[in-house]
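Geometric and topological summary
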Amino acid sequence: MTTRYKVYGWVGSGSFAVQVALEEIGVPYERIWVGREPDALAQYRQLNPTGRVPALGLPDGTVMFESAAILIHLALAHPEARLAPPPGTSAHARFLQWMVYLSANGYESVLRIFYSERFSTRGAADAEAIREKGTADFLANLALVDASLAPYVLGADYSIADAYLYMLASWNPGDKAQLYARLPRLEALCSRVAARPAIVKVEADHAG
């Protein structure tokens, strides 16, 4: 079977959710780990000028980046997989709302936690304060989503937004038991999503 997509990523990165989407859809793809060496990153920037992962090579050779945009595109390109509600519906509007929220707020706060020095011209001098604020914002963002889970992000039906939220929750820098004690709906969602075959397969791939 001919490969249709190429996923560029790192272990434990945002490429996780992209792989999950492709597994849910059931189309062939090639997973490519991007090297972190200067030469490898320089070569990767020729495909993705941001130098970040994930990126997705489309069947026609186009390469796109930004994880939320990739997931929305895949959901729309493969409606038969039912990873998002039909476009034009109020449910799809809510899907877009949560995908953008999780990307612009949840993902962004994670970057401040793990790459704190990037967010100040003073580098390491401000890293601890940036990390602490990023952690507080991350937990607040998850709490806001937790309050709306019923049981999934969009209500009764699973969507790729749930896999995206699952991935973000897995990046919690603190004790997972404490996180779930504060956010029981999120714990229930993560437990439910973790059992999906696509998640199990991609978890194993990222575990090496």
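Sequence order as written defines residue numbering, which begins from 1 separately in each chain. This being a predicted model, a pLDDT of at least 70 is required before a residue's local features are given, and a value of 80 or more before pairs of side-chain atoms are given or counted; all residues contribute to the totals for chains, interfaces and linings. Hydrogen atoms and water are omitted, and side-chain values are computed over all heavy atoms in the structure.

**Comments concerning the packing of helix α1 (residues 15-25) against helix α6 (residues 160-170)**
The interhelical angle for the contact between α1 and α6, taken along N-to-C directions, is 150°, at an axis separation of 9 Å. In this view, α1 runs roughly antiparallel relative to α6, as classed from their interaxial angle. When the axes of α1 and α6 are compared, the crossing they make is right-handed. From α1, Phe16, Ala17, Val20 and Ala21 reach across to α6, where they touch Ile160, Ala163, Tyr164, Tyr166 and Met167. By the convention adopted, Pro, Cys, Tyr, Trp, Phe, Met, Ile, Leu, Val and Ala count as nonpolar, Lys, Arg, Asp and Glu as charged, and the other residues, Gly among them, as polar. Of the residues in the contact of α1 with α6, the class split is nine nonpolar, no polar and no charged. Lines fitted to the C-alpha atoms define the axes, with helices restricted to the stretch that makes contact. Angles between their N-to-C directions range from 0 to 180 degrees. The numbering of helices and of strands both runs from the N terminus, where a helix is a DSSP run of H or I of at least 4 residues and a strand a run of E of at least 2. The labels follow the angle: roughly parallel below 35 degrees, roughly antiparallel above 145, roughly perpendicular from 65 to 115, and oblique for the rest. Less than a right angle of anticlockwise turn of the near helix away from the far helix marks a crossing as left-handed, whereas a clockwise turn marks it as right-handed. Contacts were defined at the residue level, with two residues in contact if any of their heavy atoms lie within 4.5 Å.

**Re the packing of aromatic side chains**
Two aromatic rings, drawn from Phe, Tyr or Trp (for Trp, its six-membered ring), form a pair once their centres lie within 6.5 Å of each other, and the interplanar angle then sorts them: stacked below 30 degrees, edge-to-face above 60, tilted otherwise. All chains considered together, the criterion is met by six aromatic pairs. Note on Tyr107 and Tyr164: the rings are 6.4 Å apart at their centroids and 40° apart in plane angle, and the pair reads as tilted. A residue pair is termed long-range when its members are at least 10 positions apart, and Tyr107 in helix α4 (residues 90-114) and Tyr164 in helix α6 qualify at 57 residues. Like Tyr107, the residue Tyr164 is buried in the burial classification. Plain terms: the ring middles of Tyr107 and Trp171 are 5.3 Å apart, the flat faces sit at 80° to each other, and that makes the pair edge-to-face. Taken as a pair, Tyr107 in helix α4 and Trp171 in the loop between α6 and α7 (176-182) lie far apart in primary sequence, 64 residues in all. The same class applies to Tyr107 and to Trp171, which are both buried. Aromatic rings pair up to connect Tyr107, Tyr164 and Trp171 into one cluster. Remark: exposure states derive from per-residue accessible area (1.4 Å probe, protein chains only) relative to the maximum for the residue type, with buried under 20%, exposed over 50%, and partly exposed in between.

**Quick notes on the side chain of Arg112**
With respect to the helices and strands, Arg112 occurs in helix α4. Of the polar contacts made by the side chain of Arg112, one reaches the side chain of Asp137; its length is 2.9 Å. With sequence-adjacent residues up to four places away left out, Arg112 is seen in contact with Phe119, Ile130, Arg131, Lys133, Gly134 and Asp137. Polar contact is the term for a pair of N or O atoms within 3.5 Å; when the atoms are in protein, one must be able to donate a hydrogen and the other to accept it, and sequence-neighboring residues count only if both atoms are side-chain atoms.

**Some remarks on unusual backbone geometry**
The step from Val53 to Pro54 runs through a cis peptide bond, and the omega angle for that step is 5°. Inspection of the secondary structure puts Pro54 in the loop between α2 (38-45) and β3 (55-57). Each neighbour pair has its own omega, and for Ala150 with Pro151 the value is -10°, a cis peptide bond. Assignment of secondary structure puts Pro151 in the loop between α5 (124-146) and α6. One non-glycine residue, Glu66, adopts positive backbone phi at about 80°. Of the residues examined, Glu66 reaches a relative accessible area of 47% and is grouped as partly exposed.

**Details of the side chain of Ser15**
Positionally, Ser15 belongs in helix α1. In terms of polar contacts, Ser15 uses its side chain to reach the side chain of Ser13, at 2.9 Å. Once you skip the residues sitting within four places of it in the chain, Ser15 turns out to touch Val7, Tyr8, Gly9, Trp10, Trp33, Pro54 and His206.

**As for α5**
One less than the number of residues in a helix, times 1.5 Å, gives the span that helix is expected to have. When the terminal C-alpha atoms of α5 are compared, their 33 Å separation across 23 residues agrees well with the 33 Å that a helix rising 1.5 Å per residue should span. What α5 keeps buried is the set Ala127, Ile130, Gly134, Phe138, Leu139, Asn141, Leu142, Val145 and Asp146. Buried residues belonging to α5 abut α4, α6, α7 and α8 (184-194).

Everything listed here is a matter of coordinates, which is why it stays silent on function.
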